[in-house]
Amino acid sequence: GDYEYKIIMSLLTIIFVALLLITTSNLFARFINTIFNRYNKRIETKSILYKKWKDRYELAIIASNDGLWDINLDTNEIFFSNKWLDMFGYKRDDVQNFEQWLALIHKDDKEKVLKKFEAHVKSKTDNFTCEYRLKDKLGNYKWLLVRGKEFNSNRMLMMSMNIDKRMKLTKEL
């Protein structure tokens with residue numbers, strides 16, 4: 001009797017521990033699942049918001065009819081949007097860095113542009129705003145209003161608006 005009692009008690013203990021392990025691991029799995037689901041929902045919400053803002057931003061640029069460009073201040077590389085390239089008739093590889101861009105600016109405007117650019121990069125101004133003439137692919141100069149702002153301390157985002165017609169009208173008047 002005593003031996004059978006010990007075997008039965010041992011079996012019951014094993015079954016009880018097994019049930020306890022199954023239950024707790026199940027609860028733990030559900031708990032982990034809940035955390036992951038919440039985290040995924042947050043990421044989904046953030047990516048939806050991010051996409052909405054990205055779409056709005058792109059629409060604003062298209063609507064404003066401005067040419068967008070971006071300077072990496074560490075490497076001096078410049079990336080121009082297709083709209084900017086179209087404005088001046090350039091191809092993607094024609095203008096790739098700060099020096100090449102600077103070479104396109106009218107000689108009478110170059111000093112003013114550089115002064116304003118340096119003042120902004122050295123944080124003396126809130127943003128970069130400048131009117132100047134830039135040479136297009138055919139060798140003609142076009143008047144531009146350029147606005148920009150430094151961000152991440154090594155990038156500068158710029159928007160060029162063609163104001164050539166306005167400047168020519170003003171001169172005629």
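The preceding data block contains the structure.
About the criteria used
- Residues numbered from 1 in each chain as written.
- Predicted model: local features only at pLDDT ≥ 70, side-chain atom pairs only at ≥ 80, totals over all residues.
- Heavy atoms only, no water.
- Helix = DSSP H or I, 4+ residues; strand = E, 2+ residues; numbered from the N terminus.
- Polar contact = N/O pair within 3.5 Å; in protein donor to acceptor, adjacent residues only side chain to side chain.
- Contact = heavy atoms within 4.5 Å.
- Buried < 20%, exposed > 50% of the residue type's maximum accessible area, 1.4 Å probe, protein only.
- Pairing = 2+ DSSP bridges.
- Axes fitted to C-alpha atoms, helices over the stretch in contact; angles between N-to-C directions.

**Q** What's the story with the side chain of N72 in this structure? I'm lost.
**A** Note on placement: N72 falls in strand β1 (residues 67-72). Within polar-contact distance, the side chain of N72 engages the backbone nitrogen of D74 at 2.9 Å. Ignoring sequence-local partners within four residues, the contact set of N72 consists of E77, N154 and R155.

**Q** Whenever I open this one, unusual backbone geometry confuses me. Can you help?
**A** Most peptide bonds take the trans configuration, and most residues that are not glycine carry a negative phi. A positive phi angle, near 65°, is found at N76, a position not held by glycine. A relative accessible area of 27% means that N76 is categorised as partly exposed. Phi at S123 takes a positive value of approximately 60°, unusual for a residue other than glycine. Mapped onto the elements, S123 comes out in the loop between α4 (110-121) and β3 (128-135).

**Q** Is there a simple way to explain the environment of Y90 in this structure?
**A** You can see Y90 is positioned in the loop between α2 (82-88) and α3 (98-103). With 10 residues separating them along the chain, Y90 and F80 place their C-alpha atoms 9.8 Å apart. Other than its neighbours up to four places away in sequence, Y90 contacts W84, L85, V95, L104, K135, D136 and K137. Among the polar contacts made by the side chain of Y90, one reaches the main-chain carbonyl oxygen of D136 at a distance of 3.3 Å.

**Q** Is there a simple way to explain the sheet that holds strand β4 (residues 141-151) in this structure?
**A** Within a sheet, neighbouring strands are paired by backbone hydrogen bonds and run either parallel or antiparallel to one another. Read from one edge to the other, the open sheet built from five strands follows the order β2-β1-β5-β4-β3, with strand pairing classed as antiparallel. Looking at which strands have only one partner, the edges of the open sheet turn out to be β2 (78-80) and β3. Taken over all neighbouring pairs, the strand axes of this sheet differ in orientation by 25° on average, direction set aside. Pairing of β1 with strand β5 (residues 155-162), which is carried by six bridges, proceeds in the antiparallel orientation. Among the inter-strand pairings, N72 is bridged to a residue of β5, identified as R155. Sitting on the sheet, α4 touches β1, β3, β4 and β5, and the angle it makes with β3 is about 145°. Contacting β3, β4 and β5, helix α5 (residues 164-172) crosses the sheet at an angle of about 125° to β4.

Remember, this is a structural readout, not a statement about activity or role.
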